[in-house]
There are 2 protein chains.
Amino acid sequence: MAYERIKLERLKDKVMTAEEAVRFFKNDMVVGASGFTKAGDSKVVLPALAERAKTDPIKITLMTGASLGHDTDGKLAEAGVLKKRMPFQVDRVLRNKINAGEVLFIDQHLSESVELLHNNIVPPVDIAVLEVAYIDRDGSLVPTTSVGNSATFAELADKVILEINTAIPMEVYGLHDIYKAENYPHRNVIPIVAPWNKIGRKTISVNPDKIVAIVFTDKKDSPADIAEPDEKTTAIASHILKFFENEVQLGHLTDRLLPLQAGIGKVANAVLTGFKHSNFYDLTMFSEVLQDSTFDLIDSGVLSFASASSITVSSACYERVFGNLQKYRDKVVLRPQNISNTPGLIRRLGIIAMNTAIEFDIYGNVNSTHIAGTKIMNGIGGSGDFARNAYLSIFVTQAASKNNSISHVLPMVSHVDHTEHDVDILVTDIGLADLRGLAPRERAQKIIDNCVHPDFRDQLQSYFDRACARGGHTPHLLEEAFSWHLRLAETGSMKK
Amino acid sequence: MAYERIKLERLKDKVMTAEEAVRFFKNDMVVGASGFTKAGDSKVVLPALAERAKTDPIKITLMTGASLGHDTDGKLAEAGVLKKRMPFQVDRVLRNKINAGEVLFIDQHLSESVELLHNNIVPPVDIAVLEVAYIDRDGSLVPTTSVGNSATFAELADKVILEINTAIPMEVYGLHDIYKAENYPHRNVIPIVAPWNKIGRKTISVNPDKIVAIVFTDKKDSPADIAEPDEKTTAIASHILKFFENEVQLGHLTDRLLPLQAGIGKVANAVLTGFKHSNFYDLTMFSEVLQDSTFDLIDSGVLSFASASSITVSSACYERVFGNLQKYRDKVVLRPQNISNTPGLIRRLGIIAMNTAIEFDIYGNVNSTHIAGTKIMNGIGGSGDFARNAYLSIFVTQAASKNNSISHVLPMVSHVDHTEHDVDILVTDIGLADLRGLAPRERAQKIIDNCVHPDFRDQLQSYFDRACARGGHTPHLLEEAFSWHLRLAETGSMKK
């Protein structure tokens, strides 16, 4: 039954175990692997590589779409396999190695990895490791729950190792839209004017002669952690929904809104869930990842189409979607991440982008990645692709945490991922600040009035007032700008 | 002779003096004025408004394409006319008022003002003040030396005041390509795949009934200041040219390179001039402003086409270009700034972007706008539109200044306009650092090795080493990150 998933006869003798396949990896190779927000990642070959490294040390550069599941990044990091890693990760073990300086991490806008590969700016890919549902009769590949950078890895790699995942029904065929942008200087327009436009092929083309190994697996994707909405996420979602309703009243938007992008996490799920009981209708998504809430909204008839690069859902939702593909096939498409996240489409379609911040400051600069300016959490992911070019760029975070000892609204962020120029709306559980068309001093007062936790309001107002007294377009007291972070490190609290 | 520039007969009775025209301005109005990098700005109406305000106080919000010439911003600021100003300025007097908190300045990506206007996010334009070469028979407008945001101001304003500039030959007709992007959600592709594609009309359409005043002037644009290349700019240009040559050798680029964008200033002129005596040929520009060097390169046969939103040149070059329009018409086009700077085209065409920094830090974050994190110089302009979406994003600055008491390469920039994610190449007179595909710790060492002034190298290496000892993906010592700026303020030097 598994062999029927290899429809090109001559490839059947490439089947082997993961342990056999990892013999193709040599020291210092560049590996391009499928996987985007834990979806469609290598389930057996990369873990087998980590196993092998325990007795037979090896170091590689690993590129993926985005994050991997199954603690694979952690296993690889622990086994010392990773020399360089790009463009995204979410693993605790790997993160510690990165912060210790043991793994070099390149934190990249997700739309850009393919650009760098095609332009030969990063080293060429030696081996691609790609999860597929099956190999079609022409040797082309049917992806699974994500597309990510797989089409480019397949095109550029010297050797290709395939993981055929038999847990994915073959009816997944048709869920993907594989479009390849031309290389410079002969690049044409990407002819998408609405989220539901399909412009490419259904499979990933690859030269079958490059396929050196085929490994079977039936392991499912790591399920998404679905955290129940709490008081804070509910408050944030409610501020955003009220804001959307008001924008409709003002005539800025219609009840259809514009295509939505939502970063991964609780708040995005809470906002999308909030649409279920609203006047909004015929909504669409043009995002990078689809979560449970997307399929809930489709089922409830509120969302009519969703475009992304991966599907990352809970176990229950996974069964629902992949057991009913005929139902969702016309309502969902998965694209390469250089298409899902490309600046031109985000500007053209007028995306409403919602992403999570670690902290933001009184002028609207956002830190999405670093704790205390130094230690990375995950990475910038696609937030920059979307925020810079969106119709509306929204960032959310809790106002305060750890018994309100930490304020997430600060005099100055310790690391900038999104500048004031790219941030339209900031939201905490306390409230929402609409910063569009405001000068820095106006933005600051609005953020202090609307977003900061009451425990920190006077302290933040005092900073701003004293900075203004000294003057400037963006008043700051450089000697005090990081004092909140430093106080936290010294005393365990940002409070004076 | 001047009246023949009003080809729609019934508009001839709208001719009046600038002093008469400014009666249309009321307190609190929003004014949209032509002008981009001093080119094609209002020469008489806005100055007359500043005059009027001396005896008859008035406050307005002023939007333009970019900066104005003739000290107009300064005159308006001095007369207390400006309440809000967007999206760019370069005036000393206005800058001081902004930094004193007396004028609210909205520092915006230049591609975005039109988006905000069309989406009704910023207040509607009450009056447009547009410099034109003449009014065509259908009432449409022939722009002069810039397009900027004029087409949108003409479309959206309640009233339109025209300044017909008789110094501009009527043969300027055909130099402009006026394309209007559709509004959401019905926006189509912008069908440009090469700098020389013309996709729009030659004139700006306007409802003639909205034209309330026509004023004649023969004042020319403020000439660009052409500073002779000095030792530092020559060194920077030579590093960049050597880098391009090497990229060609590596096969990353051909001798035609890719379309060039160059910010205004000495370094851009020096780099472009350097192309004259090189192997590069058939070069093109897709930029926001064209300077003297563009026309020198066209004349020498190295540059075959240049697209931008304005022409800002010296007096001599102005005569050369506008006295020989038949020669340049097929080699130059001026577009609206939401087209010249639009993210999708910048990514599609693969722009090589060169812009100037005030300072940058060891991880590649760039400050383009603020002195000591607080006082604005000019504004971000188009640098962010280009840097984020370019094929290659280059930032230049001198390594040190003021007798080497100030280092422009720092532990941490005091304000971030361009994050490490958007910066590929950093150049000072000392050298060039290619940061592509590097992790933060690698970037830091490369910048210290290649870009910092020798007087500051040990001091910067010490910061980096001590930060690394403490750990982190992007090692920093928050308590010391701004110590160089603070030392400068206290002692007059950044040196320890």
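This structure is a prediction, so every number in the text was calculated from the model and none was measured.

*Asks:* Can you walk me through the UniProt feature "active site" (unreviewed entry) in chain A in this structure?
*Replies:* Residue and element names in this part refer to chain A. UniProt tags Glu-288 as "active site" (unreviewed entry). With respect to the helices, strands and loops of the structure, Glu-288 is situated in the loop between β11 (283–286) and β12 (289–290). Since its relative accessible area comes to 8%, Glu-288 is described here as buried. Setting aside residues no more than four positions away along its own chain, Glu-288 makes contact with Phe-36, Leu-110, Ala-308, Ser-309, Ser-310, Asn-341, Gly-382 and Phe-386.

*Asks:* Explanation requested: the UniProt feature "binding site: CoA" (unreviewed entry) in chain A in the structure shown.
*Replies:* Residue and element names in this part refer to chain A. As annotated in UniProt, the feature "binding site: CoA" (unreviewed entry) corresponds to Gly-263, Ile-264, Gly-265, Lys-266, Val-267, Ile-358, Asn-378, Gly-382 and Lys-402 in the numbering used here. Sequence-wise these annotated residues cover 140 residues; spatially they are dispersed, their C-alpha atoms as much as 27.8 Å apart. Ignoring sequence-local partners within four residues, the contact set of Gly-382 consists of Leu-110, Glu-288 and Asn-341. Relative to the elements of secondary structure, Lys-402 occurs in the loop between β22 (400–401) and β23 (406–407). The exposure class of Lys-402 is exposed, given its relative accessible area of 64%.

*Asks:* Quick question: what am I supposed to make of the packing of aromatic side chains here?
*Replies:* The geometry of two aromatic rings is summed up by the distance between their centres and the angle between their planes. Within this structure, the stated rule accounts for 20 aromatic pairs over all chains. Seen from their ring centres, B:Tyr3 and B:Phe216 are 5.4 Å apart, and the 50° between their planes marks the pair as tilted. One end of the pair, B:Tyr3, is in the segment before α1 (18–21); the other, B:Phe216, is in strand β9 (residues 211–217), and 213 residues separate them in sequence. One aromatic cluster in this structure is built from A:Phe243, A:Phe244, A:Phe275 and A:Phe280. The ring of B:Tyr134 is capped by B:Lys7, whose NZ or CZ atom sits 5.7 Å from the centre of that ring. Looking at B:Arg187, its charged tip hangs above the ring of B:Tyr184, at a distance of 4.2 Å from the centre.

*Asks:* I keep staring at the pattern of salt bridges and nothing clicks. Help me out?
*Replies:* Oppositely charged side chains are able to pair whenever their charged atoms sit close together. Tallied over the entire structure, the rule returns 58 salt bridges over all chains. Across the pair A:Arg470 and A:Glu479 runs a salt bridge whose closest N-O atoms are separated by 2.7 Å. Relative accessible area serves as the criterion here: at 44%, A:Glu479 is assigned to the partly exposed category. For B:Asp282, the salt bridge is made with B:Arg256, and the minimal N-O distance between the two is 2.6 Å. Taken together, the residues span a long stretch of sequence, with B:Asp282 in the loop between α8 (266–274) and β11 (283–286) and B:Arg256 in the loop between α7 (231–249) and β10 (260–262) at a distance of 26 residues. A relative accessible area of 27% places B:Asp282 in the partly exposed class. Residue class for B:Arg256 comes out partly exposed when judged on its relative accessible area of 42%. Each of A:Asp41, A:Lys43, A:Glu131 and A:Asp221 takes part in salt bridges that share partners, so that together they form one network.

*Asks:* I tried to follow the relation of the copies chain A and chain B on my own but got confused; where do I start?
*Replies:* Each of the two copies of the chain can be brought onto the other by a rotation about an axis and a shift along it. Aligned on chain B, chain A shows an RMSD of 0.0 Å; the corresponding rotation is 180° and the shift along the axis is 0.0 Å. In the structure described here, the two chain copies are related by an operation that fits a two-fold rotation axis. Of the C-alpha atoms belonging to chain A, the one lying closest to the rotation axis is found on A:Gly344, 1.7 Å away. When the interface residues of chain A are mapped onto chain B, 100% of them again fall at the interface, so both copies present the same face.

*Asks:* Teacher, can you tell me more about the interface of chain A and chain B here?
*Replies:* Many analyses report the size of an interface as the accessible area lost when the parts associate. Contacts between the two partners involve 75 residues from chain A, matched on the other side by 75 residues from chain B. Top contributing element to the side of chain A that touches chain B by residue count: helix α13 (residues 343–349) of chain A, with five residues. Broken down by class, the residue content of the side of chain A that touches chain B amounts to 30 nonpolar, 27 polar and 18 charged.

*Asks:* I would appreciate a short explanation of the sheet that holds strand β3 (residues 82–86) of chain A in the present structure.
*Replies:* Backbone-to-backbone hydrogen bonds join strands into a sheet, with any given pair of strands oriented parallel or antiparallel. Residue and element names in this part refer to chain A. Pairing is parallel across the open sheet formed by seven strands, whose spatial order is β4-β3-β2-β1-β5-β8-β9. Of all strands in the sheet, those bounded by a partner on one side alone are β4 (104–105) and β9 (211–217). The sheet contacts of helix α2 (residues 45–55) involve β1 (30–33), β2 (60–63), β5 (127–132), β8 (159–165) and β9, and relative to β8 the element is tilted by about 115°.

*Asks:* It is not clear to me how the packing of helix α9 (residues 292–299) of chain B against helix α10 (residues 315–322) of chain B should be interpreted in this structure. Could you clarify?
*Replies:* Axes are the key here: two packed helices are described by the angle between their axes and the distance separating the axes. All names here are of chain B. Contact geometry of α9 with α10 gives a least axis separation of 10 Å together with a crossing angle of 50°. Between α9 and α10, the angle falls in the class oblique. Considering only the axes of α9 and α10, their crossing is left-handed. Packed against α9, whose contacting residues are Asp-292, Phe-295, Asp-296 and Asp-299, the element α10 presents Cys-317, Arg-320 and Val-321 at the interface.

Thresholds applied
Residues numbered from 1 in each chain as written. Chains lettered and ligands numbered in written order. Predicted model: local features only at pLDDT ≥ 70, side-chain atom pairs only at ≥ 80, totals over all residues. Heavy atoms only, no water. UniProt positions renumbered as here; feature names shortened; annotations may be inferred. Helix = DSSP H or I, 4+ residues; strand = E, 2+ residues; numbered from the N terminus. Buried < 20%, exposed > 50% of the residue type's maximum accessible area, 1.4 Å probe, protein only. Contact = heavy atoms within 4.5 Å. Phe/Tyr/Trp six-rings, centres within 6.5 Å; stacked < 30°, edge-to-face > 60°. Lys NZ or Arg CZ within 6 Å of the ring centre and 35° of its normal. Salt bridge = Lys/Arg side-chain N within 4 Å of Asp/Glu carboxyl O. Least-squares fit on C-alpha atoms with pLDDT ≥ 70 in both. Nonpolar A, V, L, I, M, F, W, Y, C, P; charged D, E, K, R; others polar. Pairing = 2+ DSSP bridges. Axes fitted to C-alpha atoms, helices over the stretch in contact; angles between N-to-C directions. Parallel < 35°, antiparallel > 145°, perpendicular 65-115°, else oblique. Left-handed = near helix turned anticlockwise from the far one by under 90°.

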